[in-house]
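# A look at the structure
Each chain is listed here by its residues.
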Amino acid sequence: MYNPTETKAFQKGTQEWLLKTRDKNIQAQIGSEIEEFRNCLRFHEYRYYVLNDPLISDFEYDSLFKLLEKYEKENPDSVSADSPTQRVGIGLIKDFPKTQHLVPMLSLENSYNAGDVLDFDRKAKELSGLPEIEYCVEPKFDGASISLVYEHDLFTKGVTRGDGEIGDEITLNIKQIRSVPLSAKFSKYGIEQIEIRGEVLMNKKNFKAYNDALIEEGIPPLANPRNAAAGSLRIKDTAEVSRRNLEAFLYHVSFIGDRKPGEQAVQHQQPATHSGMLEMLWELGFRSPKNEMKVFKGIEKVIKHVQDFETGRDNLGYEIDGMVIKVNDLSLQDELGMTSHHPRWAIAFKFKARQATSKLVDVEFQVGRTGAVTPVAKIEPVQVGGVTVSSISIHNEEYISEKDLKLGDTILIERSGDVIPQIVKSFAELRKGTEKKIKFPKQCPVCDSDLFKPEEDAVWRCVNISCPAQIVEGIIHFVSKDAMDIRSFGEANVRKFYELGFLKTIPDVYRLPYDEIASLEGFGEKSITKLQQAIEDSKTQPLNRLIYALGIRYVGETTAKTLANAITHLSDLKDFSEEQLKELEDVGVKVASTVFKFFHNPDNQNLLQTLEELGIQLKNEKKEFVPGGNLEGQSFLFTGTLTQLKRSEAEELVEKNGGKLTGSVSSKLNYLVVGEKAGSKLEKAKKIPSIKIVSEEEFIKMLPV
Ligand code: IVH
C-alpha cells in the first residue's frame with residue numbers, strides 16, 4: 001500500500017503535524033492541507049490495524065485525531081464521508097434494514113480428508129479439460145461473514161450474510177472495524193462499484209479478555225470467538241462495537257461494476273487471478289489474506305500444505321476452522337460456475353472439529369470459596385480439540401433454562417483455543433421423553449444449611465461461614481500459584497489435612513503437625529522438608545499476594561496490587577473509608593464496600609494479627625531499589641488512563657528502576673507520562689519547557705528489557 005519512500009514521507013510529515021498539535025494557531029493553517037492531514041491519519045490506521053506495526057504511539061495518534069476532530073467541528077463543511085473521524089461518535093442505531101446482496105452469498109462445499117480434495121480436483125479437471133490446475137489456498141477464517149460495497153471509491157454499505165440473498169445492513173458497525181478502509185482507490189483499476197466478501201473476527205486475546213470480564217460480572221461466557229464476532233455486529237451502540245476491537249479479513253471479490261469505456265483513464269489492469277485480487281485488495285489498503293495465501297500447481301502440494309497448516313493452527317492469533325482451496329484463474333472459475341449451493345471452483349478443507357456431541361449424565365453442585373453454588377454438568381467423556389472433557393460448568397439456573405438443558409440430553413460441546421469447554425446447545429429434537437429436569441438444591445450440598453440468593457445476584461449462595469466447602473476452597477485459594485504460591489501443598493493435601501483435622505483455618509497452614517504428617521502414607525522425609533520449606537518461604541511473599549490470597553470478594557490480582565501500593569502495613573487498610581478506597585485506581589463501589597467490610601470485621605482483624613504472630617510479612621517491604629537503574633534521579637508523574645500498564649504497575653516500575661514519583665506538576669518534575677484522556681496536568685506541563693512529555697509507549701521503552 002505505501003512504498004518505502006511514501007512511508008518515510010509520512011513519518012516526516014507526522015513529526016511536523018505532531019509539533020503543530022502544540023501550536024495554538026494551527027486551526028487556521030490546516031485549511032488547505034486538510035486532506036493531507038487526513039491521509040496522515042489514514043496511514044497510521046493502516047500501520048496499526050492492517051500491518052499490526054504502528055510507527056507512532058497511541059498517545060500521538062490520539063492527539064492528531066483530536067486535532068482533526070476539533071478542526072472538523074469548527075469547520076463542518078470540510079468533513080468528508082471517509083474522514084477517519086467518521087468511524088466514531090455515531091451513537092445508537094435504530095434498526096438494521098434488510099438489503100439484497102449484489103450477488104448471492106453462497107456457501108462452500110466441505111471436505112474432511114485428502115480423498116475429498118482429490119475428488120474435487122478430478123471433477124474440476126474433467127470439466128475444464130485441463131491436465132493440471134493452479135490453486136490458491138488460504139485460511140478459512142472462523143468468524144461472521146460480511147459483504148462490503150464500495151461505490152466511486154467510497155465505502156457505502158456493509159451487510160451481514162443473512163439468508164445469502166438478503167442480509168442486514170450494518171454499515172455503521174462495520175465502520176468501527178479500523179482495518180476496513182472508508183475509501184479506496186478502486187478507480188485506479190477502472191472499477192466503479194465493487195462488492196467484497198470477508199469475515200469479521202474477534203482475536204483470541206480479545207475474546208479471552210471479553211469472556212474473563214463476563215465471568216467476573218457473574219455472566220456466563222460465550223462459547224467461541226465466532227459467536228462473539230457475530231453478536232458484536234448486531235449491537236446497536238456503535239461505541240460498544242468499537243470497544244470490542246473487531247478485525248476483518250477480506251478474501252473474495254463477488255462483483256465488479258466497471259466504468260464506462262473512456263470515462264476515465266485506467267491506470268492498472270484488473271487482476272485475472274484470485275491471488276491477484278487479494279494482492280489488489282492489499283495494495284488498496286485492505287487486510288486481505290495476501291500474506292497467508294499460497295499458490296500451487298497441482299493438487300498434491302495443496303493437500304500437503306493444508307495438512308501442515310493444521311498443526312500450526314494454535315499459533316495464530318485468531319481462530320480458523322480449515323483452509324479454502326480456490327481455483328486461481330478467474331476465467332476458469334467462471335467456466336466451472338456454481339451449483340445453487342456452492343461454487344464448483346472452491347472447496348473448504350475442514351480441520352478437526354473443536355465441537356463434539358456427548359450426553360449430559362448428571363449435574364453436581366459445587367460450593368466455591370465465596371459460597372456460590374455452581375452446577376457442574378457431568379458428561380460422557382468426549383475428545384474435543386485434543387483433550388478429554390468429562391465435566392463442564394453450567395454457571396447458574398438462568399443459563400440452564402436459556403440452553404434448555406435436561407438430564408439425559410444429547411448436547412453439543414465446544415472447546416475453542418485455550419478457552420474452557422462450554423455447552424453450545426442441547427438437541428431437544430433427540431429427546432425420548434425420559435430426560436429429567438435439573439433440580440437446584442435448596443440446601444447447601446456440603447453443610448446442609450439453607451441457600452440464599454441476593455436479588456441482584458444470578459447465583460445461589462451458602463452463607464454459613466463455617467461451611468467446610470468454603471473453608472477448604474478458601475485454603476486452596478490461599479496456597480495457590482497466583483496467591484501465596486506454596487508449591488508442594490496442592491489441592492489434594494489441603495483436602496486431606498482438612499479431613500484429618502490439621503487444617504481448620506488459614507493460619508493452620510503455618511502450624512501443621514509435621515511429626516503426625518510424617519506417619520501418614522505417602523509422606524517421606526524429603527517431601528515433608530520440601531513442604532515445610534515452601535510454607536516457610538511463603539511468609540515473605542509480597543503484600544499484594546497476601547491480599548489476593550485472603551480471597552476478599554471482587555479483589556483480584558490487579559486490585560490487590562493497587563491496595564498494596566497504597567499502604568505500608570496491611571492493617572492500614574482499616575483506616576480507609578469507602579470514599580477513600582474508591583479514589584484508588586479501578587476500585588469501584590462494589591470493591592470499596594467489600595474491602596471496607598473485610599477490614600472492619602473483628603474476626604478478620606484477628607486473622608491478620610494471628611498471621612503476623614506466625615511470622616507472615618504484613619509490612620509492605622520497600623520495593624527493591626536498583627542503584628544506577630535506568631531511571632535513577634529522575635522524577636515521574638502519570639496522568640490520564642494508561643492502556644498497557646496499570647497505574648500502580650507503572651509506578652512500581654519507576655521505583656524499581658531507581659526513579660522517584662512526584663505528586664504534582666512543577667519544575668522539579670522530569671517526566672510527565674501521558675495516558676488517554678489526560679487533562680489539566682498535561683496543559684500545565686506544556687508550559688514548563690524542562691518537563692519531558694512522553695507517551696506510555698515511550699515510558700515503556702525507557703525501562704530495561
Ligand atoms: S470464499 C463464493 N474464503 O466460510 C465463495 N470463504 O463455509 C465465497 N469463509 O460463507 C467464500 N474464510 O463465510 C471464502 N478464505 C475464505 C473464507 C471463507 C471463511 C467462510 C465464508 C463462507 C463460509 C463457508
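Residues numbered from 1 in each chain as written. Predicted model: local features only at pLDDT ≥ 70, side-chain atom pairs only at ≥ 80, totals over all residues. Heavy atoms only, no water.

## Notes on the overall build of the protein chain
Helix and strand content of the protein chain: 25 helices and 22 strands. In terms of principal-axis extent, the alpha carbons of the protein chain reach across some 90 × 75 × 50 Å. In the protein chain, which comprises 705 residues, the proportion classed as buried is 47%. Sequence-distant contacts in the protein chain: of pairs separated by 6 or more residues, those separated by 24 or more amount to 68%. Of the roughly 35200 Å² that the protein chain leaves accessible, carbon and sulfur atoms contribute 50%. (Helix = DSSP H or I, 4+ residues; strand = E, 2+ residues; numbered from the N terminus. Buried < 20%, exposed > 50% of the residue type's maximum accessible area, 1.4 Å probe, protein only. Contact = heavy atoms within 4.5 Å. Areas by Shrake-Rupley, 256 points an atom, 1.4 Å probe, with all protein chains shown as cover.)

## Some details on the sheet that holds strand E13 (residues 373–384)
The five strands are arranged E14-E13-E12-E15-E16 in an open sheet whose pairing can be described as antiparallel. The two strands at the open ends of the sheet, each matched to only one other strand, are strand E14 (387–393) and strand E16 (422–426). Averaged over all neighbouring strand pairs, the angle between strand axes comes to 45°, with direction disregarded. Two elements, strand E12 (residues 355–367) and E13, share seven bridges in a ladder whose sense is antiparallel. (Pairing = 2+ DSSP bridges. Axes fitted to C-alpha atoms, helices over the stretch in contact; angles between N-to-C directions.)

## Focus: the packing of helix H1 (residues 4–20) against helix H4 (residues 58–74)
One can describe the packing of H1 onto H4 by two numbers: an axis separation of 10 Å at closest approach and a directional angle of 65°. Accordingly, the angle class assigned to the pair H1 and H4 is roughly perpendicular. Crossing of H1 over H4 shows left-handed handedness. The segment H1 lies against H4, with Thr14, Trp17 and Leu18 engaging Glu60, Ser63 and Leu64. Residues that form the contact of H1 with H4 fall into these classes: three nonpolar, two polar and one charged. (Parallel < 35°, antiparallel > 145°, perpendicular 65-115°, else oblique. Left-handed = near helix turned anticlockwise from the far one by under 90°. Nonpolar A, V, L, I, M, F, W, Y, C, P; charged D, E, K, R; others polar.)

## Focus on the pattern of salt bridges
Two side chains with opposite charge may pair up if their charged atoms get near one another. A complete count under the given rule lists 39 salt bridges for this structure. In this structure, the salt-bridge partner of Glu45 is Arg178, at a minimum N-O distance of 3.6 Å. Here Glu45, found in helix H3 (residues 34–50), pairs with Arg178, found in the loop between helix H6 (171–174) and strand E7 (191–201); they are 133 residues apart in sequence, far enough to count as distant. Relative accessible area serves as the criterion here: at 6%, Glu45 is assigned to the buried category. Judged by its relative accessible area of 18%, Arg178 falls in the buried class. The structure contains a network of salt bridges with shared partners spanning Glu35, Arg38, Arg42, Glu72 and Asp82. (Salt bridge = Lys/Arg side-chain N within 4 Å of Asp/Glu carboxyl O.)

## A look at the site of the ligand
As a structural note, the neighbourhood of the ligand is formed by 13 residues, with Glu138, Pro139, Phe141, Glu199 and Lys326 the closest of them. A distance of 3.0 Å separates a nitrogen atom of the ligand from a polar atom in the side chain of Lys326. Starting from 530 Å² of accessible surface for the ligand in isolation, the protein chains cover 89%. Secondary-structure elements contributing two or more residues to the shell around the ligand are strand E3 (134–141) and strand E10 (320–327). Of the residues forming the shell around the ligand, the biggest block, four residues, is contributed by E3. (Near = heavy atom within 4 Å. Polar contact = N/O pair within 3.5 Å; in protein donor to acceptor, adjacent residues only side chain to side chain.)

## Some thoughts on the state of the cysteines
Tallied over the full model, the rule gives zero disulfides. For the unlinked cysteine Cys444, the closest cysteine sulfur is that of Cys447, found at 3.7 Å. Cys462 forms no disulfide, and the closest cysteine sulfur to it belongs to Cys447, at a distance of 3.7 Å. (Disulfide = S-S within 2.5 Å.)

## Overview of the sheet that holds E7
On the basis of which strands lie adjacent, the open sheet formed by four strands has the order E5-E4-E7-E8 and antiparallel pairing. Whereas interior strands pair on both sides, the edge strands pair on one side only; in this sheet they are strand E5 (154–160) and strand E8 (247–258). Strand-to-strand twist in this sheet, taken as the mean axis angle between neighbours without regard to direction, amounts to 25°. For strand E4 (residues 144–151) and E7, the ladder comprises eight bridges, and the chain directions are antiparallel. Its bridge partner lying in E7, Glu151 is registered against Gln193. Sitting on the sheet, helix H8 (residues 225–233) is in contact with E4 and E7, with an inclination near 45° to E4.

## Here we look at the pairing of E4
Across the eight residues of E4, six count as buried, placing the element largely inside the fold. When E4 meets E5, the two strands line up antiparallel, connected through six bridges. Bridge pairing in E5 places Ser147 opposite Val159.

## Things to note about the packing of aromatic side chains
The relative placement of two aromatic rings is captured by the distance of their centres and the angle of their planes. With the rule as written, the count across this model stands at 27 aromatic pairs. Ring geometry for Phe186 versus Phe286: centroids 5.8 Å apart, planes at 40°, classification tilted. Residue Phe186 is found in the loop between H6 and E7, and its partner Phe286 is found in the loop between helix H10 (274–283) and strand E9 (294–297); the two are separated by 100 residues along the sequence. Across this residue pair, the class does not change: Phe186 and Phe286 are buried. A cation over an aromatic ring shows up here: Lys20 above the ring of Trp17, its NZ or CZ 4.3 Å from the ring centre. (Phe/Tyr/Trp six-rings, centres within 6.5 Å; stacked < 30°, edge-to-face > 60°. Lys NZ or Arg CZ within 6 Å of the ring centre and 35° of its normal.)

## So, the confidence of the model for the protein chain
Chain-level statistics for the protein chain give a pLDDT mean of 90 and a share of 96% at 70 or above. When pLDDT is averaged over each helix and strand of the protein chain, the minimum, 70, is found for helix H2 (residues 26–30) and the maximum, 98, for E3. (pLDDT = per-residue confidence, 0-100.)

## Structural notes on the nonpolar core
In this structure, Phe489, Leu512, Ile547 and Leu570 are the most contacted members of the largest nonpolar core, which totals 52 residues. At the level of elements, helix H14 (468–479), helix H15 (490–499), helix H16 (514–518), helix H17 (525–538), helix H18 (543–549), helix H19 (557–565), helix H21 (589–600) and helix H22 (602–613) are the ones that each hand at least two residues to this core. (Core = buried A, V, L, I, M, F, W, Y, C linked by side-chain atoms within 4.5 Å.)

## A few points about the pairing of E13
Between E12 and E13, which follow one another and run antiparallel, lie five residues, and Gly371 among them has a positive phi close to 85°. Bridging between E13 and E14 involves six bridges; their strand directions are antiparallel. Bridge pairing links Val384 to Val387 in E14. Counting the residues that bridge the hairpin from E13 to E14 gives two residues, and of these Gly385 lies at a positive phi of roughly 50°.

## With respect to the side chain of Ser147
Counting through the fold element by element, Ser147 comes out in strand E4. Polar contacts involving the side chain of Ser147 include one to the side chain of Arg197, which spans 3.0 Å. When residues no more than four places from it in sequence are discounted, the contact partners of Ser147 are His101, Met105, Lys157, Gly158, Val159, Glu195, Ile196 and Arg197.

## Some thoughts on the packing of helix H5 (residues 114–128) against helix H11 (residues 299–311)
The geometry of a pair of packed helices is captured by two quantities: the angle between their axes and the separation between those axes. H11 packs onto H5 with a crossing angle of 145° between their chain directions and a minimal axis gap of 10 Å. Helix-helix and strand crossings are classified by hand; for H5 and H11 the assignment is right-handed. Residue-level contacts link Ala114, Val117, Leu118 and Asp121 of H5 to Ile299, Glu300, Ile303 and Gln307 of H11. The residue inventory of the contact of H5 with H11, partitioned by class, reads five nonpolar, one polar and two charged.

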